[in-house]
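For reference, the chains in residue letters:
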Amino acid sequence: MEAEFIHWLRECVPPRPSMPLALTDDAALVRWAGSPHIVVTTDLLSDGVDFRLAVDDPRRVGRKALAVNLSDLAAMAAEPLACFVSIALPSTGIGADQPLELAKLIYAGLLPLAEEFGAFLAGGDTNTHDGPLVISITALGNVSKRGLLMRKGGQPGDKLLVTGALGGSSLGHHLDFTPRVREALVLHENYELHAGIDISDGLALDTSRLAEASGCGAVFNSIVISGNALDLAQQESASDLGAAALRHALGDGEDFELLLAAPPSAADAILSDRPVECPVTCIGELIAEPGLWKQFGNVARTPLEPTGWQH
Ligand SMILES: [Mg+2]
């Protein structure tokens, strides 16, 4: 199967000057520009945990496997350069009847995204095992001209900005989201950002991570609740829909939006210039006092649990 598969894959992937040996030799050669450093991230997704092959189209699964890596590159404001894709196909159970077809569908989902964001396929491995489908992707990114964006660097008084809306990702957004790579690059290039993270494990948890890394606390004064979070609250017949939707927005995870800390002048400029396509909203600020807090309206500040997905 492997020779035929690699032949098929080579046909799908045009040659790239940045990767002189992609898919031809025992290892890849990747040319990168500028900084002596390269950004590397990896994510492993498995059936039953990160997707459900019984109901999810393998193309959406393949797309997600790459998109979560691109979201991590976006979090560091790195420019995607290459990706390495390793797949363990199931020899029994769901997907085992036509493993080659399954592998091709996974690639059919991820290759267009790789093309769109410049994370070109440089190599990988495909194998079979007696277990569920597992996809592990490693992505490489160039450090942008302005340097890295990191979790540390936020300062008390910084405004907290988020892209998009939050919560209810399990209704489908977790498979189909657009990684905020373009937004991260444009905002980092043109405005002063102090810190950033992608919201993969839940707004509350990831905000507390950024705040802690920056030696600060964080207070929310508004949250952008997605339509999905409201739909989910409705499906659960929650007695207080607003409160349930807010819980989803704070703790669901897999939103894959960006959370950025920017000094007030830069945050105001971003909010008035609207330099990116997706909505950007101020949801709170970093404060000197440690911990996570909420203060909605003219009430006292109260502590907030850093809810989210704990691995
Ligand atoms: Mg991340």
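Small disclaimer: the values here were computed from a predicted structure and weren't measured.

## Things to note about the nonpolar core
Okay, so step 1: Ranked by internal contacts, the top residues of the largest apolar core, which has 58 residues, are Y107, L121 and L133.
Okay, so step 2: By residue number, the principal contributor to this core is helix α3 (residues 99–117), which donates ten residues.
Okay, so step 3: Excluding its chain neighbours within four sequence positions, the residues that come into contact with L121 are L9, V13, M19, A22, L23, C83, V85, Y107 and L111.
Okay, so step 4: L210, L259, A261 and L292 belong to the second largest nonpolar core, which has 23 residues in total.

## Let's talk about helix α2 (residues 58–75)
Okay, so step 1: Between its first and last C-alpha, α2 extends 26 Å over 18 residues, near the 26 Å set by a 1.5 Å rise per residue.
Okay, so step 2: In terms of burial, α2 is a largely internal element, 15 of the 18 residues being buried.
Okay, so step 3: The opening residue of α2, the one whose side-chain oxygen lies 2.7 Å from the backbone nitrogen of R59, is D57.
Okay, so step 4: Two residues or fewer after α2 comes A77, characterised by a positive phi angle close to 55 degrees.

## Thoughts on the packing of helix α7 (residues 227–235) against helix α8 (residues 241–251)
Okay, so step 1: Two elements in contact, α7 and α8, have axes separated by 8 Å at closest approach and are oriented at 125 degrees. By the criterion of interaxial angle, the relationship of α7 to α8 is oblique. The handedness of the crossing between α7 and α8 is right-handed. Contact residues: α7 offers A229, L230, L232, A233 and Q234, while α8 offers L241, A244, A245, H248 and A249.

## A look at the coordination of the magnesium ion
When four donors bind a metal tetrahedrally, each ideal donor-metal-donor angle is 109.5 degrees, and when six bind octahedrally, the ideal angles are 90 or 180 degrees.
Okay, so step 1: The protein atoms that coordinate the magnesium ion are D72 (OD) and D198 (OD), at distances spanning 2.1 to 2.2 Å. With D72 in helix α2 and D198 in strand β6 (residues 195–199), this pair connects stretches of sequence that are 126 residues apart.
Okay, so step 2: In this structure D72 comes out as partly exposed when scored by relative accessible area, which is 23%.
Okay, so step 3: For D198, a relative accessible area of 4% translates into the label buried.

About the cut-offs
- Every chain begins its residue count from 1, and numbering advances along the sequence as written.
- Thresholds applied to this predicted model are a pLDDT of at least 70 for local features of residues and 80 or more for the giving and counting of side-chain atom pairs; totals over whole chains, interfaces and linings are not thresholded and use all residues.
- Note that water and hydrogens are dropped before the side-chain values are worked out from all heavy atoms of the structure.
- The set of buried Ala, Val, Leu, Ile, Met, Phe, Trp, Tyr and Cys residues whose side-chain atoms join them within 4.5 Å is what this entry labels a nonpolar core.
- Exposed residues in this analysis have more than 50% of their type's maximum accessible area, buried residues have under 20%, and partly exposed residues fall in between, with area computed by a 1.4 Å probe over protein chains only.
- For helices the rule is a DSSP run of H or I covering at least 4 residues; for strands it is a run of E covering at least 2, with both sets numbered from the N terminus onward.
- In this analysis, two residues are considered to be in contact whenever any of their non-hydrogen atoms come within 4.5 Å of each other.
- Expected helix span is computed as 1.5 Å times (number of residues minus one).
- Throughout this description, a polar contact denotes any pair of N or O atoms lying within 3.5 Å of each other; where both atoms belong to protein, one of them has to be capable of donating a hydrogen while the other can accept it, and for residues adjacent in sequence the pair is counted only when both atoms sit in side chains.
- Note on geometry: axes are lines fitted to C-alpha atoms, helical ones only across the stretch in contact, with angles between N-to-C directions running from 0 to 180 degrees.
- Throughout, the term roughly parallel applies to angles under 35 degrees, roughly antiparallel to angles over 145, roughly perpendicular to angles from 65 to 115, and oblique to all others.
- A crossing counts as left-handed when the near helix is turned anticlockwise from the far one by less than a right angle, and as right-handed when that turn is clockwise.
- Note that water is not among the atoms used; donors are N, O and S atoms within 2.8 Å of the metal (3.2 Å for Na, K and Ca), so sites may look incomplete.

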